[in-house]
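# Chain and residue survey
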Amino acid sequence: MRSILLLILVLAIYSCNSKSEEQTQSINNEPQDAFPLFLENLDPNRKLSSAMERSFKHYEAPRLLDNELYSNFKYTELEGFDYNDGDGTITRRDPSKIIFENGKYYVWYTYRNTPTKPMGYAKCNDTIPSADWDLCDIWYATSTDGFTWEEQGVAIPKPKKPNPGWRSVSTTDVLKWKNKYYLYYQAFSAPSGKPSDGGGSDVCPVAMSYADSPDGPWTPLNKVVIDFGKENEWDHRVIHDPYPLVHDGKIYVYYKSGMGKRDANKKHWDGWGVAIAESPEGPYKKHPLNPVMNSGHETILFPFKEGVAAIVTTDGIEHYTIQYAKDWVNFEIASVGKMLPVAAGPFSPDAFTDSGDADGISWGLSHFINAGNDWGKMYTKLARFDCDLSRKINDPSMKKSNLLYPNDLYFKYGLNEAQRERIDKENQSVLNNQ
Ligand code: AAL
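All values reported here derive from a predicted model rather than from experimental measurement.

## Examining the overall build of the protein chain
Across its full length, the protein chain holds four helices and 23 strands. Here the C-alpha coordinates of the protein chain stretch approximately 70 × 65 × 60 Å along the principal axes. Residues counted as buried form 45% of the 434 residues belonging to the protein chain. Here the contacts in the protein chain between residues at least 6 apart in sequence split such that 55% fall between residues at least 24 apart.

Spelled out as structure tokens, the structure:
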């Protein structure tokens, strides 16, 4: 009986597929006028190819020029930050969102000032950092124009052992909630980079401090607010890049973690989740659909219209995309970009307003790792980015697609020795088989 039911099921599925193939075949064969030259003349009942279907139904607009969630990005070096001539002893990285208070802009960031550059896990000690974000504190700076900054000094120092973050506090972001200020940050209780299951481990949960003023003083909660997932859960190993926004009267903290794969290269798969709470200290409930993004390393988010947009930079099958989730959970690709800002903190006026009609962003700070182009002196520097992801701005010069990289950049990153050897071998075997 079961085999008969199974056979009926298989035939039904096949007939559906074949029907859909037949349908496709018939659509392909049905004659129709050519696609019009001017979109105004498009017949709303025209049969469209998948690509053209996507253009009109999936994206914000079929032309980049009209897509409010597409932009070029322009970068400007900042004034006001010293990096010891790029010797690797000072780093500033992973800037927070920017807020505007007391007539000026505020930004917080990971700050390292160590006697040496990062030396790797094997050589690190209480003063020598293992990684660029090891032995760090959270510092802050203010500005009246976003280009020239006045460094104010430490906001969150590393706490004393055994409090979470005693080794390093890094990768912070800010929340303003009921007129108080909160800084969420990665709290390391061991040097980053400890070799474990083949990859360098970067194990830390998220802690938080609070203040009545953006200038502090900051009081640490001295407890983890967003903890690791259980063993064998996707976010068991790391909770990175905490990113708080306000939506639906609640606090949405987006964060990065990563799924593993027990294969040769052990490269984990970065994903992003969201944890939601009624108050800043929690308890945080992780969304059952987590991970809600399948790509991105330090992803940048900002409220846009009634939803939330995400600039998904490095890592993953959907890296270098700008995405949008009308419901703040189910993200769809809104555009594909290039030279996207890395680890950025935007000035997002609607980050905490819960307006449901958010404007978007036009600038912020991002970071450039290996700022001196010398991995032997690894340090990171902050920079400003500008864009047009704002409903208030209409800057066609920020909506170009044919951005040409300098030709020498292509040749600078050419074939490596192994790839050239492989090609030479392939050539040889072709010649031998003549
Ligand atoms: C960053 C972030 C986290 C990682 C390291 C410092 O770009 O993803 O903070 O731990 O790199």
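## As for the site of the ligand
Taken together, R93, D94, W133, T171, Q186, D202, H240, D241, K256, H297 and E298 make up all the residues around the ligand. With respect to the ligand, the side chain of Q186 contributes an N or O atom lying 3.1 Å from an oxygen atom. Within the contact set of the ligand, an oxygen atom lies 2.3 Å away from a side-chain nitrogen or oxygen of E298. Out of a free accessible area of 280 Å², the ligand has 97% covered by protein chains.

## Some details on the environment of G271
Mapped onto the elements of the fold, G271 is located in strand β15 (residues 269-277). Note on G271: relative accessible area 0%, which makes it buried. Separated by 95 residues in the primary sequence, G271 and S366 have C-alpha atoms spaced 20 Å apart. Aside from chain neighbours lying at most four places away, what touches G271 is W234, Y255, K256, S257, G258, M259, P291 and M293.

## Examining the sheet that holds strand β7 (residues 168-177)
Pairing within the open sheet is antiparallel, and its four strands lie in the order β7-β8-β11-β12. In this open sheet, the two strands that pair with only one neighbour each are β7 and β12 (219-220). Bridge analysis of strand β11 (residues 206-211) against β12 gives two bridges, and the strand direction is antiparallel. Bridging across to β12, S209 finds its partner in P220.

## A few points about helix α4 (residues 417-432)
With 16 residues, α4 should reach 22 Å at 1.5 Å per residue; the first-to-last C-alpha distance of 22 Å fits that figure. The backbone nitrogen of A418 lies 3.1 Å from a side-chain oxygen of the residue at the head of α4, namely N416.

## Overview of the environment of P195
Of note, P195 is situated in strand β9 (residues 194-196). Along the backbone, P195 and Y106 are 89 residues apart, and their C-alpha atoms lie at a distance of 36 Å.

## Let's talk about the environment of A155
Within the fold, A155 resides in strand β6 (residues 150-156). Its relative accessible area of 9% is what places A155 among the buried residues. Each C-alpha atom of the pair A155 and Q428 lies 62 Å from the other, and the pair is 273 residues apart in sequence. Ignoring anything within four residues of it in the chain, the contact list for A155 reads W108, I138, W139, Y140, L183 and W218.

## Description of a nonpolar patch on the surface
A cluster of nonpolar side chains, namely L409, Y410, F411 and Y413, defines an oily patch on the protein surface of about 530 Å² accessible area. Mapped onto the elements, Y413 comes out in the loop between α3 (407-412) and α4.

## A word on the packing of aromatic side chains
Under the counting rule described, the total for this entry stands at 21 aromatic pairs. Between the aromatic rings of Y252 and Y254, the centroid separation amounts to 6.4 Å while the plane-to-plane angle is 40°, which identifies the pairing as tilted. Through a chain of ring-to-ring contacts, the aromatic side chains of F100, Y105, F347 and W363 assemble into a single cluster. Note that K97 overlies the ring of Y243, its terminal NZ or CZ placed 4.6 Å from the centroid. The ring centre of W166 lies 4.3 Å from the NZ or CZ of K161, which sits over that ring.

## With respect to the sheet that holds strand β23 (residues 381-390)
Taken together, the four strands give an open sheet; going across it, the order is β1-β23-β22-β21, and neighbouring strands pair in antiparallel fashion. The open sheet has two edge strands with one neighbour each: β1 (74-77) and β21 (345-346). Pairing of β1 with β23 involves four bridges; the strand directions are antiparallel. Counterpart to K74 in the pairing with β23 is D386.

## With respect to the nonpolar core
Core analysis: the biggest nonpolar cluster contains 34 residues, and Y254, L301, I311 and F331 have the highest contact counts within it. Elements that contribute at least two residues to this core include exactly β13 (240-247), β14 (250-259), β15, β17 (300-304), β18 (307-312), β19 (321-325) and β23. Ranked by the residues each element gives to this core, the list is headed by β18, at five residues. In this structure, L301 is in contact with Y243, L245, Y254, W272, M293, V308, A309, A310, F331 and P346, ignoring residues within four places of it in sequence. Within the second largest apolar cluster, 18 residues are counted, among which are Y182, Y184, V253 and M259.

## What to know about the pairing of β18
Taking burial as the measure, the six residues of β18 include six buried ones, the bulk of the element. Pairing analysis gives five bridges linking β17 to β18, with the strands arranged antiparallel. Its bridge partner lying in β18, L301 is registered against A310. Both β18 and β19 contribute to a ladder of five bridges, which runs antiparallel. Residue pairing across strands places V308 opposite A325, the latter belonging to β19.

Calculation notes
Residues numbered from 1 in each chain as written. Predicted model: local features only at pLDDT ≥ 70, side-chain atom pairs only at ≥ 80, totals over all residues. Heavy atoms only, no water. Helix = DSSP H or I, 4+ residues; strand = E, 2+ residues; numbered from the N terminus. Buried < 20%, exposed > 50% of the residue type's maximum accessible area, 1.4 Å probe, protein only. Contact = heavy atoms within 4.5 Å. Near = heavy atom within 4 Å. Polar contact = N/O pair within 3.5 Å; in protein donor to acceptor, adjacent residues only side chain to side chain. Areas by Shrake-Rupley, 256 points an atom, 1.4 Å probe, with all protein chains shown as cover. Pairing = 2+ DSSP bridges. Expected span 1.5 Å × (residues − 1). Patch = residues over 30% accessible without salt bridge, like charges linked within 9 Å, V, L, I, M, F, W, Y side chains within 5 Å. Salt bridge = Lys/Arg side-chain N within 4 Å of Asp/Glu carboxyl O. Phe/Tyr/Trp six-rings, centres within 6.5 Å; stacked < 30°, edge-to-face > 60°. Lys NZ or Arg CZ within 6 Å of the ring centre and 35° of its normal. Core = buried A, V, L, I, M, F, W, Y, C linked by side-chain atoms within 4.5 Å.

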